[in-house]
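# What the coordinates show
Residue strings, one per chain:
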Amino acid sequence: MASEDAEQLPLLHLKLAFLALEPPACILALARKAGGGSVTPHIQNFILESCIGTNVGQIQDYTYVKIILKKVIAEAELSSDIVIDGLYEEFARCMSSKANNSSLNMSGKICKEISFLSPTYNNVSSNQVSLVARLSCSTNMLEGDTGCSLWPSSLFLSEFILSFPKLFSKKRCFEQLGSGVGLVGVCLNYVGASKVILTDGDASTLINMKANMEMNNLYAEDSELVKESKNKVECKYLSWEEASESDLWDCRTDLVLGADIIYNPSCVPHLVRVLSTLLGREDGRCETVNVGRDEEPVNEVPWNGATRGPLAYMATVIRNADTFNCFAKAAADAKLSVVNITGAAAPSSFLPYMLSYERSSVQLLEITSLS
Ligand SMILES: C[S@@+](CC[C@H](N)C(=O)[O-])C[C@H]1O[C@@H](n2cnc3c(N)ncnc32)[C@H](O)[C@@H]1O
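Residues numbered from 1 in each chain as written. Predicted model: local features only at pLDDT ≥ 70, side-chain atom pairs only at ≥ 80, totals over all residues. Heavy atoms only, no water.

## Describing the overall build of the protein chain
Operational definition: Helix and strand assignments come from DSSP, with helices taken as H or I runs of at least 4 residues and strands as E runs of at least 2, each series counted from the N terminus. Pairs of residues are marked as contacts when any of their non-hydrogen atoms sit within 4.5 Å. The accessible surface values rely on the Shrake-Rupley method and a 1.4 Å probe; as for residues, cover is taken only from the protein chains in view.
Within the protein chain, the regular secondary structure consists of 14 helices and 9 strands. Once local pairs closer than 6 in sequence are excluded, the contacts in the protein chain between residues at least 24 apart make up 75%. Per element, the accessible surface of the protein chain, about 16600 Å² overall, is 51% carbon and sulfur.

## Some details on the site of the ligand
Inclusion rule: The criterion for a residue being near a molecule or strand is simple. One of its heavy atoms has to lie within 4 Å of it. Pairs of N or O atoms are called polar contacts if they sit within 3.5 Å, as long as, within protein, a hydrogen donor faces a hydrogen acceptor (for residues adjacent in sequence, only side-chain-to-side-chain pairs). Under this grouping Gly is polar, as are all residues other than the nonpolar Ala, Val, Leu, Ile, Met, Phe, Trp, Tyr, Cys and Pro and the charged Asp, Glu, Lys and Arg.
Of all residues adjacent to the ligand, which total 21 residues, the nearest are G147, G178, D200, E241 and A259. In this structure, a nitrogen atom belonging to the ligand sits 3.1 Å away from a main-chain N or O atom of W240. The protein chains hide 93% of the 600 Å² of surface that the ligand would expose on its own. The class makeup of the residues in the shell around the ligand is 7 nonpolar, 10 polar and 4 charged.

## Quick look at the nonpolar core
Applicable threshold: Residues grouped as a nonpolar core are buried Ala, Val, Leu, Ile, Met, Phe, Trp, Tyr and Cys residues, joined through side-chain atoms within 4.5 Å. The rule is simple: take the accessible area with a 1.4 Å probe, protein chains only, and divide by the maximum for that residue type; under 20% is buried, over 50% is exposed, in between is partly exposed. Note that domain bounds follow an automatic or database assignment of domains.
Formed by 86 residues in total, the largest nonpolar core has its most connected members in I114, F168 and Y313. Domain assignment of the residues forming this core places at least three in each of domain 1 (3-108) and domain 2 (141-369). Counting residues in hydrophobic clusters, the runner-up holds 25 residues, among them L177, F324, F327 and I367.

## Looking at the pattern of salt bridges
Here is the rule: When a carboxyl oxygen of Asp or Glu is within 4 Å of a side-chain nitrogen of Lys or Arg, the pair counts as a salt bridge.
Going through the model one piece at a time under the given rule, you end up with 8 salt bridges. Note that E159 is salt-bridged to R359, the shortest N-O span being 2.9 Å. Placement of E159 in helix α7 (residues 152-163) and of R359 in the loop between β8 (336-340) and β9 (362-369) is noted, with a sequence separation of 200 residues between them. Assessed through its relative accessible area of 27%, R359 is described here as partly exposed.

## Quick word on the packing of α7 against helix α9 (residues 183-190)
To keep it simple, the criterion reads: To get an axis, a line is fitted to the C-alpha atoms, and for a helix only the part in contact is used. The angle between two axes follows their N-to-C directions and goes from 0 to 180 degrees. Oblique is the label for any angle not under 35 degrees, not over 145, and not in the 65 to 115 range, which are roughly parallel, roughly antiparallel and roughly perpendicular in turn.
Look at α7 against α9: their axes get within 9 Å of each other, and the N-to-C directions meet at 5°. Judged by the inter-axis angle, α7 sits roughly parallel to α9. Along the contact surface, α7 presents S154, L155, L157, S158, I161 and L162, while α9 presents L183, V184, C187, L188 and Y190. For the contact of α7 with α9, the residue count by class is 9 nonpolar, 2 polar and no charged.

## Quick word on helix α14 (residues 321-333)
For an α-helix, the turn length of 3.6 residues means that residues three or four places apart are oriented alike. Rule in force here: To estimate the expected span of a helix, count its residues, drop one, and scale the result by 1.5 Å. Taken from the helix axis, the directions to the C-beta atoms give the arc we talk about.
Taking 1.5 Å per residue as the helical rise, α14 with its 13 residues ought to reach 18 Å, and the 18 Å between its terminal C-alpha atoms agrees with that figure. Looking at α14, one finds that the buried residues are T323, F324, F327 and A331. For α14, the angular spread of the buried residues around the axis is 100°, confining them to a single face. Exposed and facing more than 90 degrees away from the buried side of α14 are D322, K329 and D333. Following α14 by one or two positions, K335 has its phi on the positive side, about 60°.

## Structural notes on helix α13 (residues 268-279)
Over its 12 residues, α13 runs 16 Å from end to end, which matches the ideal 16 Å to within 8%, given 1.5 Å per residue. Among the residues of α13, V268, L271, V272, V274, L275, T277, L278 and L279 are the ones counted as buried.

## Digging into the confidence of the model for the protein chain
Condition: Per residue, pLDDT measures the predictor's confidence, with a range of 0 to 100.
Averaged over the protein chain, the pLDDT score is 84; the fraction of residues at 70 or greater is 80%. Contacts from residues 295-300, a stretch scored under 50 in pLDDT, to residues over four places away or in other chains number 8 contacts.

## Let's talk about unusual backbone geometry
Positive phi, normally seen in glycine, also occurs at N217, with a value near 60°. Inspection of the secondary structure assignment puts N217 in the loop between α10 (203-215) and α11 (224-227). Positive phi values are uncommon outside glycine, yet D260 reaches one of about 50°. Here D260 is to be found in the loop between β6 (255-259) and α13. What makes D260 buried here is its relative accessible area of 8%.

## Considering the packing of aromatic side chains
Centre-to-centre distance and the angle between the planes together describe a pair of aromatic rings. Which entries qualify depends on this criterion: Side-chain rings of Phe, Tyr and Trp, where Trp is taken by its six-membered ring, are said to pair if the distance between their centres is within 6.5 Å; with planes under 30 degrees apart they count as stacked, over 60 as edge-to-face, and otherwise as tilted.
Within the structure shown, the criterion is met by 6 aromatic pairs. Ring geometry for F18 versus Y64: centroids 5.6 Å apart, planes at 50°, classification tilted. With F18 in helix α1 (residues 3-19) and Y64 in helix α4 (residues 62-79), this residue pair connects regions lying 46 residues apart in the sequence. Both residues of the pair, F18 and Y64, belong to the buried class.

## Considering the sheet that holds β9
Basically, it comes down to this: Only strands joined by at least two bridges in the DSSP assignment are considered to pair.
One open sheet holds the 7 strands; their spatial order is β5-β4-β3-β6-β7-β9-β8, and the pairing between them is mixed. Two strands in the sheet have a free side with no partner beyond their single neighbour: β5 (233-237) and β8. When strand polarity is set aside, the average angle formed by the axes of neighbouring strands in this sheet is 20°. For strand β3 (residues 174-177) and β6, the ladder comprises 4 bridges, and the chain directions are parallel. Bridging from a neighbouring strand, L177 pairs with G258 of β6. Most of the contacts of α9 go to strand β4 (residues 196-200), to which it runs at about 175°, and overall it touches β3, β4, β5 and β6. Across the face of the sheet, α13 comes into contact with β3, β6, β7 (311-317), β8 and β9 while running at roughly 175° to β3.

Pasting the structure below:
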């Protein structure tokens, strides 16, 4: 790597982590790394000018900016003789700003900008950022807002889609179960899926998902786009408990995707029923395709050796072994083959700056129907 890039890359990572609203500890770790071990005046200035300066109006989360400034100032006071005046001034401005009461903060939503970096570019260039998704997310994932938070499995599934674009491009339909904020839909559209259907069974999550798709220019409600069915992403209410066989039959797809949806034992039987119907082999539309990464030799697919019928890819964090075993048993009873392909189909890293993302905690399952 050229010496200019060796200096620029850590700064790019710091800026992207800031735009993704990474936790303050992660921002500080990246700031230290960029400064060669401490938050030097040069790095403080970069945070002020390039992270906060150009983006505070856009992300409109003064609370986050205030916390970052406070931490950076404390760190710089401890480790460096010089703290630039601008940091104190910006902190004072944030403290007194009316924006502290902005409607965005009142609604408990923040806007994260998730940038996927192409793993094939080692130098800092505009080509390195391959895709940016803007997502309104909840600030509190513990109080009934699970669908409005961004979960590691959807980051993993997104990296999987971007790593194996040929598997997803030009396919007629896709459906994602429990799509939450909709990040996977943005990635599916990016790799050229011919139809992207996102679903969720929670009404407020669906509203947030639609707003997110609109923010990414993929969806517009009540517009000419809808009349002409030109929305690139369809957002639908689909509750696993309520969906009838005919509802599901009507929206059968080539590929079914899901991220972090195996977590509630009471939902497992309903989820398995939905999967069973969606993966039934009636028309066997899914063909064997070349899924090699863009410039690599190809793999045979599917990884588990099946060649006909729709497939599901599920990314999941196994937080509770009993719940996962309950899913595995229900799937086996419903004659679904569940193969762990995490090792065989490991995606490339598109989010190297996202220190909070523990990709090793995510498992990738390939599911097909045996009947
Ligand atoms: C942990 S979140 C994952 C969200 C998103 N896939 C991600 O990984 O960021 C689980 C999602 O599944 C949805 N969900 C849970 N139970 C459901 C059900 N019975 N029917 C439909 N959707 C459900 C929730 O509303 C939520 O959006």
